[in-house]
Amino acid sequence: MYIPNIELQSKTAIRQFQEKEVLHLLGYLREFSPFYRQWFVEHGIQPSTVRSLNDLWLIPPVTKEHLQEQNWDFLCVDKSKIAEYTTTSGTLGRPVIIALTQKDQERLTYNEYISFCCADGTENDIYQLMLTLDRQFMAGMAYYNGIRKLGAGVLRVGPGVPSLQWENIRRIQPTTIVAVPSFIVKLIAFAKEHNIDINDSSVKSAVCIGENIRNVDFSLNVLGKKITEQWDIKLYSTYASTEMQTAFTECKVGQGGHHHPELLYVELLDDNNQPVGPGEDGEVTITTLGVEGMPLLRYKTGDICRYYDEPCSCGRHTMRLSPVIGRRKQMIKYKGTTLYPPALFDLLNDMEEVREFVVEVFSNEIGTDDILLHLWPVAETEDIDRKIRSYLQAKLRVIPQVRYVSQTDIMKMQFPEGSRKPVKFIDRR
């Protein structure tokens, strides 16, 4: 298992390395980035202003809105150098184009290589990819290239179709699957219906993408338990975004996603853009290192996490990130209660009476938030309805609006045309 040397160094050595890289990036942005050149002028940032990481706070953070509105102004190379055009999923608005040079593709491959190493991957593994590799999806390309650099085998099955997934598991004997956790639950359900002994399969681990499998204390959440209580496999959680072109992946200890300091400088900031301490909620704010095409400086991702900086028993000395608590723009204020969608997802995943769901939030006539739960129940009976409403009352102290829908309707909502991953939250505010 390969661990980059920088990740085994002391906090002081890591900080010194990152300071040098960030200062180099500042010079690169001044020379080549139309957006940041203007940003520095607008905020009076002179070359002598930022001399160390301690001075970085002088540069105001950049938001997703800046990237959406001035997308091409972030490009630092001539378009002839672009090797790949990727886009964000558009969860928080209009999709953003992230252009990669050949060097950026190599960096992305390295990122996934060390990430799969972090998740105990070896050249002897066979990975079954249960995700899309088209639709400008950066992660699909990255996973494939990272696994190939690892020297392992790849099985590109794509998303959905449990019957096809199990047929390939039977015939090719993959050791690891890469999938959205809620789809793994569907795989288990299909196996039960068709008398497939999942614990007799070749699959020994799963790299989980796109959804939380842990609570903020790193214990398995409802989704994680639903998988491991039935399937004896090791789960590895990941957190990444197209903009950062980097992933945080768990090691076998399962105590948060490891930071790769050679690829990213990370800050967690409060509402006033001040750094939070270990174990406190803060918005993940990133500065990309080594990116040539569209590097980002102090970019606020919108994701709320916690960090922990004590050394991990795996040997790495890097920061670890908690699961995403929520996205700042998706915070719901509902009848005196403040919550994020993942908290609702955990509730609904825990209900035996609910097969699938979509949470919709909108503004009512008095300007406050309302919640509509679209639920595909195990059956539409008065008894099931009573159990669902009683559970919601007990857990939330209030009952949101509930709408029961068919399997066909919920699938249309979860997988709209062009979607790369299941949609569980619709924000109409």
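The sections below set out a description of the structure shown in this document.

Rules behind the numbers
Residues numbered from 1 in each chain as written. Predicted model: local features only at pLDDT ≥ 70, side-chain atom pairs only at ≥ 80, totals over all residues. Heavy atoms only, no water. Helix = DSSP H or I, 4+ residues; strand = E, 2+ residues; numbered from the N terminus. Buried < 20%, exposed > 50% of the residue type's maximum accessible area, 1.4 Å probe, protein only. Contact = heavy atoms within 4.5 Å. Phe/Tyr/Trp six-rings, centres within 6.5 Å; stacked < 30°, edge-to-face > 60°. Lys NZ or Arg CZ within 6 Å of the ring centre and 35° of its normal. Pairing = 2+ DSSP bridges. Core = buried A, V, L, I, M, F, W, Y, C linked by side-chain atoms within 4.5 Å. Salt bridge = Lys/Arg side-chain N within 4 Å of Asp/Glu carboxyl O. Arc of directions from axis to C-beta. Expected span 1.5 Å × (residues − 1).

**Some remarks on the side chain of Lys424**
So, point 1. On the secondary structure map, Lys424 appears in the loop between helix H11 (407-414) and strand S21 (425-427).
So, point 2. Residue classification places Lys424 among the buried residues on the basis of a relative accessible area of 8%.
So, point 3. With residues near it in sequence (within four places) discarded, Lys424 still touches Ser182, Glu211, Phe345, Glu356, Phe357, Val358, Val359 and Gln414.

**Things to note about the packing of aromatic side chains**
So, point 1. Considering all chains together, one arrives at 14 aromatic pairs under this definition.
So, point 2. Where Phe218 meets Tyr308, the ring centres are 5.5 Å apart and the plane angle is 65°; that geometry is what we call edge-to-face. Here Tyr308 lies in strand S13 (residues 307-308) and Phe218 lies in the loop between strand S6 (205-208) and helix H8 (222-228), a separation of 90 residues in the sequence. Considered together, Phe218 and Tyr308 belong to a single accessibility category, that of buried residues.
So, point 3. Ring plane angle 35° and centroid distance 5.8 Å describe the contact between Tyr239 and Phe248, whose orientation is recorded as tilted.
So, point 4. The exposure class assigned to Tyr239 is buried, which follows from its relative accessible area of 10%.
So, point 5. Aromatic ring contacts, followed pair by pair, group Phe35, Tyr36, Trp39, Phe40 and Phe74 into a single cluster.
So, point 6. When the ring centre of Trp72 is taken as origin, the NZ or CZ atom of Lys79, which lies over that ring, is 4.1 Å away.

**Focus on the pairing of strand S8 (residues 246-249)**
So, point 1. With burial as the criterion, each face of S8 is covered, one bearing Thr246 and Phe248 and the other bearing Ala247 and Thr249.
So, point 2. For strand S7 (residues 234-241) and S8, the ladder comprises four bridges, and the chain directions are antiparallel. Paired with Tyr239 across the strands is Phe248, a residue of S8.
So, point 3. What sits between S7 and S8 in their antiparallel hairpin is a turn of four residues, with Gln245 showing a positive phi close to 50°.

**Side note on the nonpolar core**
So, point 1. Counting 49 residues, the largest nonpolar core has Tyr36, Phe40, Leu56, Ile59, Leu297 and Leu321 as the members making the most contacts within it.
So, point 2. Listed by contribution, the elements that provide at least two residues to this core are helix H1 (11-32), helix H2 (34-42), strand S2 (97-101), helix H5 (138-150), strand S10 (264-269), strand S11 (282-288) and strand S12 (299-305).
So, point 3. Tallying contributions element by element places H1 first for this core, with five residues.
So, point 4. The contacts of Tyr36, once residues within four sequence positions are left out, are Leu29, Val62, Phe74, Pro295, Leu296 and Leu297.
So, point 5. Ranked by size, the runner-up nonpolar core spans 22 residues in total, among them Leu347, Leu396, Val398 and Val402.

**Here's the deal with the pattern of salt bridges**
So, point 1. Tallied over the full model, the rule gives 22 salt bridges.
So, point 2. Lys11 is paired through a salt bridge with Asp309; the nearest N and O atoms lie 3.7 Å apart. With Lys11 in helix H1 and Asp309 in the loop between S13 and strand S14 (320-321), this residue pair connects regions lying 298 residues apart in the sequence.
So, point 3. Residue class for Lys11 comes out partly exposed when judged on its relative accessible area of 47%.
So, point 4. We note a salt bridge from Lys81 to Glu292, for which the minimum N-O separation is 3.2 Å. Taken together, the positions of Lys81 in the loop between helix H3 (64-69) and strand S1 (82-87) and Glu292 in the loop between S11 and S12 put the pair 211 residues apart, joining distant regions of the chain.
So, point 5. Residue classification places Lys81 among the partly exposed positions, given a relative accessible area of 43%.
So, point 6. Residues joined by salt bridges that share partners form a network here, namely Lys186, Glu211, Glu356 and Lys424.

**Overview of H2**
Within an α-helix, residues lying three or four positions from one another point in the same direction, as the helix has 3.6 residues per turn.
So, point 1. Those residues of H2 that fall on the buried side of the exposure criterion are Phe35, Tyr36, Trp39 and Phe40. Buried positions in H2, seen along its axis, are confined to an arc of 125° and lie on one side of it. Turned more than 90 degrees off the buried face of H2, the exposed positions are Val41 and Glu42.
So, point 2. Looking at the packing, one finds that the buried side of H2 touches H1 and H3.
So, point 3. Looking one or two residues past H2, Gly44 carries a phi angle of roughly 65°, positive in sign.

**Side note on helix H7 (residues 181-193)**
So, point 1. Between its first and last C-alpha, H7 extends 19 Å over 13 residues, near the 18 Å set by a 1.5 Å rise per residue.
So, point 2. Three or more residues of H7 are buried, namely Pro181, Ser182, Phe183, Ile184, Leu187, Ile188, Phe190 and Ala191.
So, point 3. Elements in contact with the buried residues of H7: helix H6 (162-172), strand S5 (176-179), S6 and H8.
So, point 4. Trailing H7 by a residue or two, Asn195 shows a phi angle of about 55°, which is positive.

**Observations concerning the environment of Leu223**
So, point 1. If you trace the backbone, Leu223 turns up in helix H8.
So, point 2. The exposure class assigned to Leu223 is buried, which follows from its relative accessible area of 5%.
So, point 3. In the structure, Leu223 is positioned 206 residues away from Phe17 in sequence and 38 Å away in space, judged by C-alpha atoms.
So, point 4. Apart from the residues within four sequence positions on either side, Leu223 is in contact with Pro181, Ser182, Val185, Glu211, Asn212 and Asn349.

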